[in-house]
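# Structure assessment
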Amino acid sequence: MKLRAVREGLILIALAFLPAIGEGIYFRDKVSWQSPIPASELVTVDRARSWGDSAIWVDARPDEEYSRDHVPGAFSLNEDHWSELLARFLPHLSPDKKVVVYCSAESCNAARDVAKRLRDEAQLKDVFVLQGGWEEWVKKSK
Amino acid sequence: MGEEEQMRYAWRVVDLIVGGIFVYAGVSKVLDPVQFANDIDNYKTLPWFVSVRLAFYLPWLEILCGLAVISRFFYRGGLSILTALLAVFISATVAAKMRGLDITCGCFGHVSKNWNFSTHLVLDFAIFAAVLALSFGNSRHRVEL
């Protein structure tokens, strides 16, 4: 009985690859396979700095970390107080400005999530995630 | 209808419910694999390139296993895989909570987006109990509907 379960299980595991590969081929251009954020949506610290006043900085870290220190002029916009902070942030936007979102480091997801919500909910187009986040900003500022 | 027959039908109903839940869960994720990849990535246990590949694979495995339970074709294999998947998923959810991660499970696509941790866990354990019951208690009560 156990052997039968193992054999059946292995066949199901193998069979599931077929539609998965098909779907993967269908979505091949719509998915970023190596990084959760597509390269076109990432920006380096140097490049973002070169944008000067045409960039608006958004700090997606928790309130305490923002209070401790942040990129000069950055707005706090995290998912803990989304509606309240978004309402404060939106009046400062203009169509010609690029939005640069950052969180603590390369490994954090908050910047990606906030950038996605800004694109989906606030209908913003030029939204970028800062490569390396706050950690990289500090390193480059030394 | 004798008691034995009633039991068989009751088990068959559990088969259909459990199988149906996994087919539904799988289809809801197949429709948005990128979102599911993000949900897996939120657990912060696997690198992205693994998460995104799993996001394409796991939903189909769930669908096939769900169909196996519903159709009783490869029934034991389907139940074994579902048991393993649930065990891994429950462990990952509890571990994520213990690490202080506030995440959405993504188990049922957009439907489960706003469920809290307790709701996830209660539902997961209920399904886990049903799958275990089918694995160990159902063998004497087989019937085709």
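### Brief notes about the packing of helix 4 (residues 75-98) of chain B against helix 5 (residues 117-137) of chain B
Residues and elements named next belong to chain B. In contact at an axis separation of 10 Å, helix 4 and helix 5 are set at 155 degrees when each is read in the N-to-C sense. Comparing their axes, helix 5 and helix 4 come out roughly antiparallel. Between helix 4 and helix 5 the crossing geometry is left-handed. Each of Tyr 75, Arg 76, Leu 79, Leu 82, Thr 83, Leu 86, Ala 87, Phe 89, Ile 90, Thr 93, Val 94 and Lys 97 in helix 4 lies in contact with helix 5, whose residues at this interface are Phe 117, Leu 121, Asp 124, Phe 125, Ile 127, Phe 128, Val 131, Leu 132, Leu 134 and Ser 135. Counted by class, the contact of helix 4 with helix 5 contains 16 nonpolar, three polar and three charged residues.

### Focus: a nonpolar patch on the surface
Residues A:Val6, A:Leu10, A:Ile13, A:Phe17, A:Ile21 and A:Ile25 make up a contiguous nonpolar surface patch of roughly 550 Å² in combined accessible area. Residue placement: A:Val6 occurs in helix 1 (residues 2-26).

### Concerning helix 1 of chain A
The end-to-end C-alpha separation of helix 1 of chain A is 37 Å, in line with the 36 Å expected for 25 residues at 1.5 Å each. Elements in contact with the buried residues of helix 1 of chain A: helix 1 (3-30), helix 2 (33-42), helix 3 (48-71) and helix 4 of chain B.

### Overview of the packing of aromatic side chains
The final tally for this structure, using the stated rule, is 11 aromatic pairs over all chains. Judged by centre distance (6.3 Å) and plane angle (70 degrees), the ring pair of B:Tyr43 and B:Phe89 falls under edge-to-face. Note that B:Tyr43 is positioned in the loop between helix 2 and helix 3 and B:Phe89 in helix 4, a separation of 46 residues in sequence. This pair shows no difference in class: B:Tyr43 is buried, exactly as B:Phe89 is. Clustering of aromatic rings is evident, with ring pairs tying together A:Tyr26, A:Phe27, A:Trp33 and B:Phe56. Directly above the ring of A:Trp82 sits A:Arg117, whose terminal nitrogen or CZ lies 4.3 Å from the centroid.

### Considerations on the pattern of salt bridges
What the rule picks out here adds up to 14 salt bridges over all chains. The partner of A:Glu136 in a salt bridge is A:Lys139, and the shortest N-O contact between them spans 3.7 Å. One end of the pair is A:Glu136 and the other is A:Lys139, both in helix 6 (residues 133-141) and three residues apart, which spans about a single turn. Residue class for A:Glu136 comes out partly exposed when judged on its relative accessible area of 23%. The class for A:Lys139 is exposed, based on a relative accessible area of 55%. Note that B:Glu62 is salt-bridged to B:Lys29, the shortest N-O span being 2.8 Å. Here B:Glu62 is found in helix 3, whereas its partner B:Lys29 is found in helix 1, with 33 residues between them in sequence.

### Some points on the pairing of strand 5 (residues 127-130) of chain A
Residue and element names in this part refer to chain A. Here strand 5 shows two buried faces, one formed by Val 127 and Val 129 and the other by Phe 128 and Leu 130. Pairing geometry for strand 1 (residues 42-43) and strand 5, over two bridges, is parallel. Within the sheet, the bridge partner assigned to Leu 42 lies in strand 5 and is Val 129. Where strand 4 (residues 98-102) lies against strand 5, three bridges are found, and the strand directions are parallel. For Val 100, the partnering residue across the bridge sits in strand 5 and is Phe 128.

### Some remarks on the interface of chain B and chain A
Each partner contributes residues to the interface: chain B has 26 residues there, and chain A has 27 residues. With both chains or domains summed, chain B and chain A bury close to 2,300 Å², and 66% of this area falls on carbon and sulfur atoms. Taken as a group, B:Phe56, B:Tyr57 and B:Phe74 account for 27% of the area that chain B buries against chain A, more than any other trio of residues on that side. Where chain B meets chain A, there are one salt bridge. Among the ionic pairs, A:Arg112 bridges to B:Asp41, the shortest N-O distance being 3.0 Å.

Rules used in this analysis
Residue positions are given per chain, counted from 1 along the sequence in the order it is written. Ligands are numbered from 1 and chains lettered from A, in the order in which they are written. Whole-chain, interface and lining totals are the exception, using all residues; otherwise, since this is a predicted model, local features are given only for residues with pLDDT of at least 70 and side-chain atom pairs are given and counted only at 80 or more. Each side-chain value is worked out from all heavy atoms of the structure, with water and hydrogens disregarded. To get an axis, a line is fitted to the C-alpha atoms, and for a helix only the part in contact is used. The angle between two axes follows their N-to-C directions and goes from 0 to 180 degrees. Helix numbering and strand numbering both begin at the N terminus, where a helix is a DSSP run of H or I of at least 4 residues and a strand a DSSP run of E of at least 2. Convention used here: angles under 35 degrees read as roughly parallel, angles over 145 as roughly antiparallel, angles from 65 to 115 as roughly perpendicular, and any remaining angle as oblique. Working rule for handedness: look at the near helix, and if it is turned counterclockwise from the far one by less than a right angle, call the crossing left-handed; if clockwise, right-handed. Note on contacts: a residue pair is in contact if any heavy atoms of the two residues lie within 4.5 Å. Residues are grouped as follows: Ala, Val, Leu, Ile, Met, Phe, Trp, Tyr, Cys and Pro are nonpolar; Asp, Glu, Lys and Arg are charged; all remaining types, including Gly, are polar. Candidate patch residues must exceed 30% relative accessible area and have no salt bridge, after which like charges are joined if within 9 Å and Val, Leu, Ile, Met, Phe, Trp or Tyr side chains if within 5 Å. The accessible surface values rely on the Shrake-Rupley method and a 1.4 Å probe; as for residues, cover is taken only from the protein chains in view. The salt bridge definition used is simple: a Lys or Arg side-chain nitrogen within 4 Å of an Asp or Glu carboxyl oxygen. For a helix, the expected span equals 1.5 Å multiplied by the residue count minus one. Two rings from Phe, Tyr or Trp (for Trp, the six-membered ring) form a pair when their centres are within 6.5 Å of each other. A pair whose planes differ by under 30 degrees is stacked, one over 60 is edge-to-face, and the rest are tilted. Burial classes: relative accessible area under 20% of the type maximum marks a residue as buried, over 50% as exposed, and values in between as partly exposed (1.4 Å probe, protein chains only). A ring is considered to have a charge above it if a Lys NZ or an Arg CZ atom is located within 6 Å of its centre and within 35 degrees of its normal. Paired strands, as defined in this entry, are two strands with at least two bridges between them according to DSSP. A simple way to read buried area is as the amount of 1.4 Å-probe accessible surface that goes missing from two parts once joined, with both sides added.

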